[in-house]
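# Remarks on the overall topology
In case you want the letters, here they are:
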Amino acid sequence: QRPLVEFGGGLVQAGGSLRLSCAASEGIFSRSTIGWFRQTPGNERELVASITTGGSIIYVDSVKGRFTISRDNAKNTVYLQMNSLKPEDTAVYYCNAHLLSGIFWWGQGTQVTVSS
């Protein structure tokens with residue numbers, strides 16, 4: 001069983017919406033800060049948004065007001081609601097979970113493509 005499994009990528013027109021889901025095993029979810037990263041070819045993976053076990057949230061400036069991260073403790077799942085999508089949001093999106101100790105896990109990635 002993979003520690004993190006992502007769902008919800010796809011192709012959408014500019015201005016549209018997608019919701020990404022990251023399902024984590026219970027032992028990981030309850031102890032981890034969970035974040036969404038994205039990566040385009042030739043570029044480093046960048047943090048998009050993250051949420052701690054206590055609910056503290058950060059966003060990269062380029063998605064503020066458009067993306068919302070949330071966690072459902074009953075389902076061990078973190079969501080990234082993406083609205084008003086732009087072509088520059090096109091990337092492979094990865095879920096990441098990490099502990100204070102520094103141990104971390106990555107999901108397999110899901111492609112998001114926004115057409116203009």
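Quick summary incoming for the structure in this document. (Residues numbered from 1 in each chain as written. Predicted model: local features only at pLDDT ≥ 70, side-chain atom pairs only at ≥ 80, totals over all residues. Heavy atoms only, no water.)

### Focus on the environment of Gly54
Tracing the sequence through the fold places Gly54 in the loop between strand E5 (46-51) and strand E6 (57-59). On the basis of relative accessibility, which here comes to 71%, the residue Gly54 falls in the exposed class. Residues Gly54 and Ala74, 20 residues apart in the sequence, show an inter-C-alpha distance of 15 Å. (Helix = DSSP H or I, 4+ residues; strand = E, 2+ residues; numbered from the N terminus. Buried < 20%, exposed > 50% of the residue type's maximum accessible area, 1.4 Å probe, protein only.)

### Some remarks on the pattern of salt bridges
All chains considered together, the criterion is met by four salt bridges. Here Glu46 makes a salt bridge to Arg38, at a shortest N to O gap of 2.7 Å. Here Asp61 and Lys64 are joined by a salt bridge, their closest N and O atoms 2.9 Å apart. Through salt bridges with shared partners, a single network forms among Arg38, Glu46, Arg66 and Asp89. (Salt bridge = Lys/Arg side-chain N within 4 Å of Asp/Glu carboxyl O.)

### Points about the state of the cysteines
This model, assessed by the stated rule, comprises one disulfide. Across the disulfide, Cys22 is cross-linked to Cys95 (sulfur-sulfur distance 1.9 Å). Disulfide Cys22-Cys95: torsion about the S-S bond near -75 degrees, hence left-handed. Of this pair, Cys22 sits in strand E3 (residues 18-24) while Cys95 sits in strand E9 (residues 91-98), and the two are 73 residues apart along the sequence. (Disulfide = S-S within 2.5 Å.)

### Comments concerning the packing of aromatic side chains
In the structure shown here, the tally under the stated rule is two aromatic pairs. Their ring planes at 75 degrees and their centres at 5.0 Å tell us that Phe37 and Trp106 sit as a pair that is edge-to-face. A residue pair is termed long-range when its members are at least 10 positions apart, and Phe37 in strand E4 (residues 33-39) and Trp106 in strand E10 (residues 104-106) qualify at 69 residues. Trp106 gets classed as partly exposed once you look at its relative accessible area, which sits at 32%. Clustering of aromatic rings is evident, with ring pairs tying together Phe37, Tyr94 and Trp106. Above the face of the Tyr94 ring, Arg45 is positioned so that its terminal group lies 3.6 Å from the ring centre. In this structure, Arg45 is placed above the aromatic ring of Trp106, and the distance from its NZ or CZ to the ring centre is 4.5 Å. (Phe/Tyr/Trp six-rings, centres within 6.5 Å; stacked < 30°, edge-to-face > 60°. Lys NZ or Arg CZ within 6 Å of the ring centre and 35° of its normal.)

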